[in-house]
Amino acid sequence: MTDIIPIFPSLVVKHNTKPEFDGIKEPLIKAIYREMERNEGVKKSNVGGWQSHVDIFQHGEFSKFGRFVMKNSKVALSHVFNPGFKLFLKGAWINVNSKNCFNESHIHPDCDIAGVFWVDVPPDSGDLNLINQAAYSNYRWLKHVTDSVKTQYKYSVGWDFSPKDGDMIFFPANTLHNVSMNNNSENRISIAFNLSLG
């Protein structure tokens, strides 16, 4: 008998905030567009589109949305970490990607967990792509592995996540990732954030 034993996996946590999300979606979208009118935004990993400064939850009307994100982060990550774990917000920012806009590959330094909260996701508006940190060192393994092992163990060069409104995802902050191009004429809206464990 032969066993395949995955060791040292990178844990990705997916969490859906519905139905609570449905009650805040429209007010949050309106607040985001008001912020876009007030602030020209910054250029980080975004190619096109608009990105806020990293302190968005410290702005008055966004503080309640910050509490929503932190509450749901705690719930989601309680399935991974021991009781009594603490989470500290290290920054949060809004991403609004219009048609043909995307986010280049990047990491989130100086924190433990990278998180994304999707607010409005039209069809074909871009996936989150997580890139295998061992893709270079395990090149030949990845090249020759069977499709069934790739599927069963998510053992590949990268992993794509197609989000829906209200989804959150959490992954190790040193994971290289990008967001593919928005091919829809409507905006894709998300909030990215960094967390540290204590």
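Here is a short report on the structure shown in this document. Position labels on residues start from 1 in each chain and follow its written sequence. Restriction of local features to residues with pLDDT of at least 70 applies here, the model being predicted, together with a cutoff of 80 or more for giving and counting side-chain atom pairs; totals for whole chains, interfaces and linings are based on all residues. Hydrogens and water are ignored here; the side-chain numbers use all heavy atoms of the structure.

As for the sheet that holds strand β5 (residues 102-106)
Applicable threshold: Pairing between strands is defined by DSSP: at least two bridges between the two strands are required. Put simply, DSSP H or I for four residues or longer makes a helix, DSSP E for two residues or longer makes a strand, and each gets a number counted from the N terminus.
In space, the five strands of this open sheet follow the order β2-β5-β10-β7-β8, with antiparallel pairing throughout. At either end of the open sheet lies a strand with only one pairing partner, and these are β2 (46-47) and β8 (158-161). Of the pairings in the sheet, the one linking strand β7 (residues 128-131) to β8 comprises four bridges and is antiparallel in character. Counted as the bridge partner of Leu130 is Trp159 from β8.

Overview of the nonpolar core
This is how it is decided: Definition used in this section: a nonpolar core is a set of buried Ala, Val, Leu, Ile, Met, Phe, Trp, Tyr and Cys residues joined via side-chain atoms within 4.5 Å. Each residue gets one of three labels from its accessible area relative to the maximum for its type: buried under 20%, exposed over 50%, partly exposed in between, using a 1.4 Å probe on protein chains only. We call two residues in contact when some of their heavy atoms are within 4.5 Å.
Phe62, Ile94, Phe117 and Phe170 are the most contacted members of the largest nonpolar core, which totals 30 residues. Within the residue set of this core, elements represented by two or more residues are α1 (25-38), α2 (63-77), β4 (87-97), β6 (113-120), β9 (167-172) and β11 (188-197). Per-element tally for this core: the top contributor is α2, with five residues. With near-sequence residues (within four places) excluded, Phe117 lies in contact with Thr17, Phe21, Ile24, Leu28, Phe68, Val69, Gly166, Asp167, Met168, Ser190, Ile191 and Phe193. One finds Cys111, Val116, Val121 and Val179 within the second-largest nonpolar core, a separate group that totals twelve residues.

Some remarks on unusual backbone geometry
In this structure, the amide linkage connecting Lys18 to the following residue, Pro19, adopts the cis form with an omega of 5°. Considering the arrangement of structural elements, one finds Pro19 in the loop between β1 (13-16) and α1. The phi torsion at Asn100 lies on the positive side, around 70°, for a residue other than glycine. Position of Asn100 relative to the elements: it lies in the loop between β4 and β5. Phi at Lys154 takes a positive value of approximately 50°, unusual for a residue other than glycine. For Lys154, the position within the fold is in the loop between α4 (147-153) and β8.

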